[in-house]
Amino acid sequence: MTKHKFLFKELPMEMVERDPNQPRKDFGTDGDENRLRFSIKTYGIEEPLKVSEVSEDRYIIIDGHRRYICAQNIGMKSVPCRIYPKMPEGEFETRRYEMQNNRRPWKPLERSEALERIKNCLGLHTNHELADYLHLSKTAVQIALQLRKQKLDYLTLMEKHNLPDTYRYEFVTMLAKIRRIKDLEVDDIINILFNKIQHKVIYRATDLRKLGKIFLRATVNEDEIYAFLKNTDTTVDELEQRTLQSGFALLIEQLIQKITQKRNEGVAFSSHEKTYLSQLGTLLKKAV
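If you're wondering where the values come from, they're calculated on a predicted model, not measured in any experiment.

Caption draft 1: Summary view of the overall build of the protein chain. The number of helices and strands found in the protein chain is 14 helices and five strands. Within the span of the protein chain, comprising 288 residues, buried residues form 38% of the whole. For the protein chain, long-range pairs separated by at least 24 residues make up 69% of all intrachain contacts whose partners lie at least 6 apart in sequence. Carbon and sulfur atoms provide 51% of the accessible area of the protein chain, an area that totals close to 17,600 Å².

Caption draft 2: Broad picture of the sheet that holds strand β1 (residues 7-12). The strand order across the open sheet formed by five strands is β1-β5-β3-β4-β2, and the pairing between neighbours is mixed. Where the open sheet ends on each side, the last strands, each with one partner, are β1 and β2 (16-17). Alignment of strand β3 (residues 49-55) against strand β5 (residues 78-84), held across four bridges, turns out to be parallel. What sits directly across from valine 51, in β5, is isoleucine 83.

Caption draft 3: Geometry of helix α3 (residues 89-101). Over its 13 residues, α3 extends 18 Å from the first C-alpha to the last, a length consistent with the 18 Å expected when each residue adds 1.5 Å. Within α3, ten of the 13 residues are buried, which leaves the element mostly enclosed by the surrounding structure. Buried residues of α3: Gly90, Glu91, Phe92, Glu93, Thr94, Arg95, Arg96, Tyr97, Met99 and Gln100, and no others.

Caption draft 4: Summary view of the pattern of salt bridges. Tallied over the full model, the rule gives 19 salt bridges. Taking the shortest distance from any N to any O, the salt bridge between lysine 182 and aspartate 223 comes out at 2.7 Å. Of this pair, lysine 182 sits in the loop between α8 (165-175) and α9 (186-198) while aspartate 223 sits in helix α11 (residues 218-230), and the two are 41 residues apart along the sequence. Each member of the salt-bridge network shares a partner with another, and the members are Asp19, Glu89, Glu93, Arg96 and Arg117.

Caption draft 5: Geometry of the side chain of arginine 67. Tracing the sequence through the fold places arginine 67 in helix α2 (residues 65-73). Residue arginine 67 is classed as buried on the basis of its relative accessible area of 10%. There is a polar contact of 2.9 Å between the side chain of arginine 67 and the backbone oxygen of glutamate 47.

Caption draft 6: Quick look at the pairing of β3. Two elements, β3 and strand β4 (residues 58-63), share five bridges in a ladder whose sense is antiparallel. Looking at the pairing, serine 55 lines up with arginine 58 of β4.

Caption draft 7: Just the nonpolar core, in detail. Ranked by size, the top nonpolar core spans 30 residues in total, and within it Phe171, Leu211 and Leu229 carry the most contacts. For this core, the elements supplying multiple residues, two or more each, are α7 (152-160), α8, α9, α10 (205-215), α11 and α12 (236-242). The leading source of residues in this core is α9, at six residues. Every residue in contact with leucine 211, bar those within four places of it in the chain, is listed here: Met174, Leu193, Ile202, Phe228, Val236 and Leu239.

Caption draft 8: Geometry of the packing of aromatic side chains. Tallying each qualifying case throughout the model produces one aromatic pair. Both rings, one in phenylalanine 171 and one in phenylalanine 194, keep their centres 5.4 Å apart while their planes meet at 55°; by these two values the pair is tilted. Of this pair, phenylalanine 171 sits in helix α8 while phenylalanine 194 sits in helix α9; the two residues are 23 residues apart in sequence, bridging distant segments of the chain. Judged by its relative accessible area of 2%, phenylalanine 171 is buried.

Caption draft 9: Representation of helix α5 (residues 127-134) within the structure. Along α5, the residues classified as buried are Leu130, Ala131 and Leu134. Buried residues of α5, seen end-on, are gathered within an arc of 100° and therefore sit on one face of the element. At the exit of α5 stands histidine 135, carrying a positive phi of roughly 60°.

Caption draft 10: Highlighting the packing of α10 against α11. Relative orientation of the contacting elements α10 and α11 amounts to 135°, with a least axis distance of 9 Å. Comparing the axis directions of α10 and α11 gives the class oblique. For the pair α10 and α11, the contacting residues are Leu211, Ile214 and Phe215 in the first and Ala218, Asn221, Ile225 and Phe228 in the second.

Caption draft 11: Quick peek at the pairing of β5. Most of β5 is tucked away, with five of its seven residues classed as buried. As paired strands, β1 and β5 are joined by six bridges and run antiparallel to one another. Note on β5: the bridge partner recorded for leucine 7 is isoleucine 83.

Caption draft 12: Local environment of the environment of asparagine 73. Of note, asparagine 73 is situated in helix α2. For the pair formed by asparagine 73 and lysine 41, sequence separation is 32 residues and the distance between their alpha carbons is 9.8 Å.

Caption draft 13: The arrangement of unusual backbone geometry in detail. At lysine 182, a residue that is not glycine, the phi angle is positive and equals roughly 55°. The backbone of lysine 200 sits at a positive phi, close to 65°, despite the residue not being glycine. Turning to its location among the elements, lysine 200 is positioned in the loop between α9 and α10. For lysine 200, a relative accessible area of 63% puts it in the exposed group.

Cut-off values and rules
- Per-chain numbering applies: the sequence of each chain, read as written, is numbered from 1 onward.
- Where local features are concerned, this predicted model is filtered to residues with pLDDT of at least 70; where side-chain atom pairs are given and counted, the filter is 80 or more; whole-chain, interface and lining totals use all residues.
- The side-chain numbers reported here are obtained from all heavy atoms of the structure, hydrogens and water having been left aside.
- By definition, any uninterrupted DSSP run of H or I lasting at least four residues is a helix, any uninterrupted run of E lasting at least two residues is a strand, and each is numbered from the N terminus.
- With a 1.4 Å probe rolled over the protein chains alone, any residue whose accessible area is under 20% of its type maximum counts as buried; one over 50% counts as exposed, and the rest are partly exposed.
- Contact criterion: two residues are considered in contact whenever any of their non-hydrogen atoms come within 4.5 Å of each other.
- Only the protein chains shown count as cover for residues, and all accessible areas are computed by the Shrake-Rupley method using a 1.4 Å probe.
- One requirement defines pairing of two strands: DSSP has to find at least two bridges between them.
- The length a helix should cover is 1.5 Å for every residue beyond the first.
- A side-chain nitrogen of Lys or Arg and a carboxyl oxygen of Asp or Glu constitute a salt bridge if their distance falls within 4 Å.
- For this analysis, a polar contact is any N or O atom pair within 3.5 Å, provided that within protein one partner can donate a hydrogen and the other can accept it, and provided that sequence-adjacent residues contribute only side-chain to side-chain pairs.
- Here, nonpolar core refers to any group of buried Ala, Val, Leu, Ile, Met, Phe, Trp, Tyr and Cys residues whose side-chain atoms link them within 4.5 Å.
- Stacked, edge-to-face and tilted are the three classes for Phe, Tyr and Trp ring pairs, Trp counted by its six-membered ring, which pair at centre distances within 6.5 Å; planes under 30 degrees apart are stacked, over 60 edge-to-face, the rest tilted.
- In this context, the arc is that of the directions from the helix axis out to the C-beta atoms.
- Simply put, an axis is a line fit to the C-alpha atoms, just over the touching stretch for a helix, and the angle between two N-to-C directions goes from 0 to 180 degrees.
- Any angle that is under 35 degrees is reported as roughly parallel, and any over 145 degrees as roughly antiparallel; angles of 65 to 115 degrees are reported as roughly perpendicular and all others as oblique.

From the geometry alone we can't say anything about function, so treat these as descriptive.
Shown next as structure tokens:
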């Protein structure tokens, strides 16, 4: 980013504006016992707000919303500011992210919103470009941006259970593989899984990865998966043991998938294939 010259100045409150695009919405300033408000009321603002000039008499906050809100609440007439010149929107978004990234940890959805805005403002086309630009891991960026696409109900559950980032990534990956099991709809299954996480029955992020693989074979594992979901104490390791495929069972499953694929694609069976299928049908009638 460009190294801007800046100046320190006491600005009247009416010249300073909160950023309407600030990803953080909860600044933790409620309550009479708020330590920051008490500190500012007693000692004043020790660290200046960082603002960017919009016009001669208008400045927008890059960093310092909590200090500004507290100053408003206690009736201050002016605030000390570190003033940056007007800057391009992409640089503003990136500078704000970097400043706030070094303060209290971002909530996952706040980070997601901030990264999405940076990506759009800078015209970056891929998550890899964004990760390289911010010197973040590609996995961390992918997790954050994928969260924005999830149902609000699932995001609320993640927040409620304070799900770590590693769990969130595995959850997003697993979600595409979840399907209805008997009378349990997908939303029912997700709630059951979160309850298992809350009660430490699912206690590793990799458990969710295992579940995704098991759900890929839900047709042949339906009874075992259903029992796992209905029994609150059954672990993923126990489910995995019960659903381990023998070589013969796996061969049958692959055969079913191949036949189904050919029929769905409208591909005709060859004369040799029809002969084998006929023999297979005769054997199945005797075996089943």
